[in-house]
Amino acid sequence: MSWWQTLCQELLDMLYPPRCASCALVGWEGWCKECADHIPYIPLPVCARCGTPIDPQRFCPFCLAQPPVPEAVRAVARYRGVVRAAIHRFKYEARPSLAPALAQLLVQGWQTPLTEPLHAAEAVLPLPIHSRRERERGFNQSLLLAREFCRNTGLPLLGNVLERVAYRQPQVGLGESERRDNVRDAFRVVQPQAIAGKSVLLLDDVWTTGSTLNEATRALLAAGARRVFAYTVAHEPLQTSASGY
Ligand SMILES: [Zn+2]
Ligand SMILES: [Zn+2]
């Protein structure tokens, strides 16, 4: 979808009454009652490192073997059902007006023990997409989420610190090692002084294997960030790493 199609879509959305982010039911700001009742929240306890539900160990088997690079990763919900539908509409049907409904989940999760390990973060960095993809889509989904999230939590937003330098194929449909190769050296820190010595929170809509978050975290640590955490609306584990689901 091009930027002008996105714009037309947004203008059309503005002419009509609010709709549920997931099922598009008219008359609901955010989530309708039915969809809100079916949000697949990730239950506690979770792996201290990657936030995957486990019981009763502290780390899941995948983190014991190969932990993600961020100090801790958390997602509010599983990438399925009403949440998957809403993210799909947000990103692939290019409806930036759904950002508040999805960010609402991030804000809710921020008030629960699920995200406690991330609360040391002093600033928020949206995961950047390549400028070419941003032109195609008309917006960067993680920037819109981060704006809403920061407005509600009072955390400062660092929007132009991290840059995506490589334009590669989308990660969807790739296996774990292909994903790792696909994002290698994909990020550059353009304002290292903004993150030097700081603890930062990377924000995105969905994480799968963590290869994109890992690569962005490596770039931030190399540029002088003290600690890096990651937070997303949803987690979609690949089949091979789906122990807790
Ligand atoms: Zn609904
Ligand atoms: Zn884990």
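Everything that follows concerns the structure shown earlier in this document.
Residues numbered from 1 in each chain as written. Chains lettered and ligands numbered in written order. Predicted model: local features only at pLDDT ≥ 70, side-chain atom pairs only at ≥ 80, totals over all residues. Heavy atoms only, no water.

### Remarks on the nonpolar core
Next up, step 1: If you look at the biggest cluster of nonpolar residues, it comprises 42 residues, and the most contacted ones within it are W31, V83, F149, L201, L203 and Y231.
Next up, step 2: Of all elements in the fold, only strand 1 (73–78), helix 4 (81–91), helix 5 (99–110), helix 7 (141–153), strand 5 (199–207) and strand 6 (227–235) reach the threshold of two or more residues within this core.
Next up, step 3: At eight residues, helix 5 tops the list of elements feeding residues into this core.
Next up, step 4: If near-sequence neighbours (up to four positions away) are discounted, L203 is found in contact with L106, V124, L125, P126, L127, S142, L145, A146, F149 and Y231.
Next up, step 5: In terms of nonpolar packing, the next biggest core, distinct from the first, is built from 33 residues, V46, L114, A186 and A194 among them. (Core = buried A, V, L, I, M, F, W, Y, C linked by side-chain atoms within 4.5 Å. Buried < 20%, exposed > 50% of the residue type's maximum accessible area, 1.4 Å probe, protein only. Helix = DSSP H or I, 4+ residues; strand = E, 2+ residues; numbered from the N terminus. Contact = heavy atoms within 4.5 Å.)

### Digging into unusual backbone geometry
Next up, step 1: Cis geometry is found at the peptide bond from L44 to P45, where omega equals 0°.
Next up, step 2: Summarising the element assignment, P45 is placed in the loop between helix 2 (33–36) and helix 3 (61–65).
Next up, step 3: Despite not being glycine, A24 has its phi angle at roughly 65°, a positive value.
Next up, step 4: Locating A24 in the fold gives a position in the loop between helix 1 (3–15) and helix 2.
Next up, step 5: Positive phi values are uncommon outside glycine, yet A94 reaches one of about 50°.
Next up, step 6: Secondary-structure assignment places A94 in the loop between helix 4 and helix 5.

### Remarks on the coordination of the zinc ion (ligand 1)
Each pair of donors in an ideal four-coordinate tetrahedral metal site encloses 109.5 degrees, whereas pairs in an ideal six-coordinate octahedral site enclose 90 or 180 degrees.
Next up, step 1: Those protein atoms acting as donors to the zinc ion (ligand 1) are C20 (SG), C23 (SG), C32 (SG) and C35 (SG), and they sit at 2.3 to 2.4 Å.
Next up, step 2: In primary-sequence terms, the residues that donate to the zinc ion (ligand 1) follow C-x2-C-x8-C-x2-C.
Next up, step 3: Relative accessible area serves as the criterion here: at 0%, C20 is assigned to the buried category. (Donors = N, O, S within 2.8 Å, 3.2 Å for Na, K, Ca; no water.)

In short, the description is geometric, and any link to function would need to be established separately.
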